[in-house]
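Spelled out, the chains give:
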Amino acid sequence: MSSTTPTTTDTAAPGELPMRMDGWTHHAKTYSNVERMTYPLAIELAEWTDSVLPFTTPNSRVLDNGCGGGVLGSAIKSLCPTVPLLSTDVSAGMISSARARAEKEHWHPPFEFKALDARDLDGVESESITHSMSQYMISLAPDPDQIAKEMHRILKPGGVLGLGTWAMVDYECFYDPMLIAARETIPDFDLPGLMHEKWTDIEKTKGALKEAGFTDVQVRPKYIEWDYPDVESVMHYVFEEGNPGVEAYKRSWVEQSGKGLDEIQPKFARAVKELYEKDGGKVLLPVKAAIWVARK
Ligand SMILES: C[S@@+](CC[C@H](N)C(=O)[O-])C[C@H]1O[C@@H](n2cnc3c(N)ncnc32)[C@H](O)[C@@H]1O
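All values derive from a computational prediction rather than experimental measurement.

### Here's the deal with the pairing of strand 5 (residues 155-166)
Right, so step 1: Burial runs high along strand 5: nine of the twelve residues are buried.
Right, so step 2: Of the strand pairs in this sheet, strand 4 (residues 129-135) and strand 5 are connected by six bridges, and their pairing is parallel. Bridge assignment links Gln-135 to a residue of strand 5, and that residue is Gly-164.
Right, so step 3: At this point the chain moves from strand 4, through helix 5 (residues 144-153), to the parallel strand 5, and the crossover so formed is right-handed.
Right, so step 4: Relative to strand 7 (residues 283-295), strand 5 is paired through seven bridges, and the arrangement is antiparallel.

Rendered as structure tokens:
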């Protein structure tokens, strides 16, 4: 296992998206709440990618780009423990979490971690990777077209892309209750769009992947119910756990209202209850995603 010093600043380009890239490091410690939802998708993406080009193919080398806490790497290593895996992320905190996961789960070598910005996979040679993979990063990172070009550049001819995208511009499950709650006080309250339409709308993403040079593009749209035991746990996620998208929503409230978060919390809780609470108090938050495979 090896590591490198971060080669990028951990901040978003000005004017790009309302989410701050350095926010992911703050979210790293509690990110397992999201992984409960994305792990089954990671397993399916790994299995689908492997069915297109087996990880056991001689000289395979897999990239998990924007690896976060290493959930996709975990799925890949459980399917094919010996495949060489390079996990990269711009957030030093996320890289630490992924490394801790590898130790805890006793990943079989070879594997390595590098702090790299997906817009410039510096040091990853062109045509050196057989499986160029990534999930739930490209829809929300700055300059996704450039990220797709990089994922294509490093892929060997005949190699496979395995990609997960969000299929919604906003985190609808938090956006809707935030609008309902805020409009009780400010009738024309609005929220910024969080993600790139081109990389969330399924048809546009298909076009964008072809534009980046990928062929045989296939997609499986996914609808997920992100389950929480009760409204209080959702409130903890939104108000304590530091998801950068949710932080952008909260900043909007503070900026537009001039009021504190304590003002909106009970209204937000009521909206979550009305929209998503099921019998017995369990909460199911709707999430739209898509998984993709393509070839070079
Ligand atoms: C929603 S999380 C997904 C993490 C992981 N792939 C998963 O499925 O759990 C988005 C990740 O993208 C990373 N990220 C955002 N912008 C990036 C960039 N320009 N280059 C590399 N990673 C980036 C964040 O640090 C974060 O770990």
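### A word on the site of the ligand
Right, so step 1: As a structural note, the neighbourhood of the ligand is formed by 18 residues, with Gly-66, Asp-89, Asp-117, Ala-118 and Gln-135 the closest of them.
Right, so step 2: One of the backbone nitrogen or oxygen atoms of Val-90 is found 3.3 Å away from a nitrogen atom of the ligand.
Right, so step 3: When the ligand is considered free in solution it has 600 Å² of accessible area, and contact with the protein chains removes 99% of it.
Right, so step 4: Residues belonging to the shell around the ligand are distributed by class as follows: twelve nonpolar, four polar and two charged.

### So, helix 9 (residues 244-257)
Right, so step 1: Between the first and last C-alpha of helix 9 there are 20 Å, a value that for 14 residues agrees with the 20 Å anticipated at 1.5 Å per step.
Right, so step 2: Every buried residue belonging to helix 9 is among Pro-244, Gly-245, Val-246, Ala-248, Tyr-249, Lys-250, Ser-252, Trp-253 and Ser-257, and all of these are buried.
Right, so step 3: Where helix 9 begins, the side chain of Asn-243 points an oxygen toward the backbone nitrogen of Gly-245, at a separation of 2.8 Å.
Right, so step 4: Positive phi shows up at Gly-258, right after helix 9, with a value of about 70 degrees.

### Regarding the UniProt feature "domain: Methyltransferase" (unreviewed entry) in the chain
Right, so step 1: Mapped onto the present numbering, the UniProt feature "domain: Methyltransferase" (unreviewed entry) falls at residues 62-159.
Right, so step 2: Taken end to end, residues 62-159 comprises 33% helix and 27% strand; its first and last C-alpha atoms sit 10 Å apart.

### Digging into the sheet that holds strand 5
Right, so step 1: Pairing within the open sheet is mixed, and its seven strands lie in the order 3-2-1-4-5-7-6. Two strands in the sheet have a free side with no partner beyond their single neighbour: strand 3 (111-115) and strand 6 (215-228). Adjacent strand axes in the sheet meet at a mean angle of 15 degrees, parallel and antiparallel pairs treated alike.
Right, so step 2: Contacts from helix 2 (residues 32-52) reach strand 4, strand 5, strand 6 and strand 7 within the one sheet, and its direction differs from that of strand 6 by about 155 degrees.

### Examining the pattern of salt bridges
Right, so step 1: Taken as a whole and judged by the stated rule, the model has 18 salt bridges.
Right, so step 2: We note a salt bridge from Glu-150 to Arg-153, for which the minimum N-O separation is 2.7 Å. Remark: Arg-153 and Glu-150 occur in helix 5; sequence separation between them is three residues, near one turn of the helix.
Right, so step 3: Because the salt bridges share partners, they merge into one network encompassing Glu-35, Arg-101 and Glu-105.

Here is what the cut-offs are and how they apply
- Residues numbered from 1 in each chain as written.
- Predicted model: local features only at pLDDT ≥ 70, side-chain atom pairs only at ≥ 80, totals over all residues.
- Heavy atoms only, no water.
- Buried < 20%, exposed > 50% of the residue type's maximum accessible area, 1.4 Å probe, protein only.
- Helix = DSSP H or I, 4+ residues; strand = E, 2+ residues; numbered from the N terminus.
- Pairing = 2+ DSSP bridges.
- Right-handed = clockwise from strand over helix to strand, strands pointing away.
- Near = heavy atom within 4 Å.
- Polar contact = N/O pair within 3.5 Å; in protein donor to acceptor, adjacent residues only side chain to side chain.
- Areas by Shrake-Rupley, 256 points an atom, 1.4 Å probe, with all protein chains shown as cover.
- Nonpolar A, V, L, I, M, F, W, Y, C, P; charged D, E, K, R; others polar.
- Expected span 1.5 Å × (residues − 1).
- UniProt positions renumbered as here; feature names shortened; annotations may be inferred.
- Axes fitted to C-alpha atoms, helices over the stretch in contact; angles between N-to-C directions.
- Contact = heavy atoms within 4.5 Å.
- Salt bridge = Lys/Arg side-chain N within 4 Å of Asp/Glu carboxyl O.

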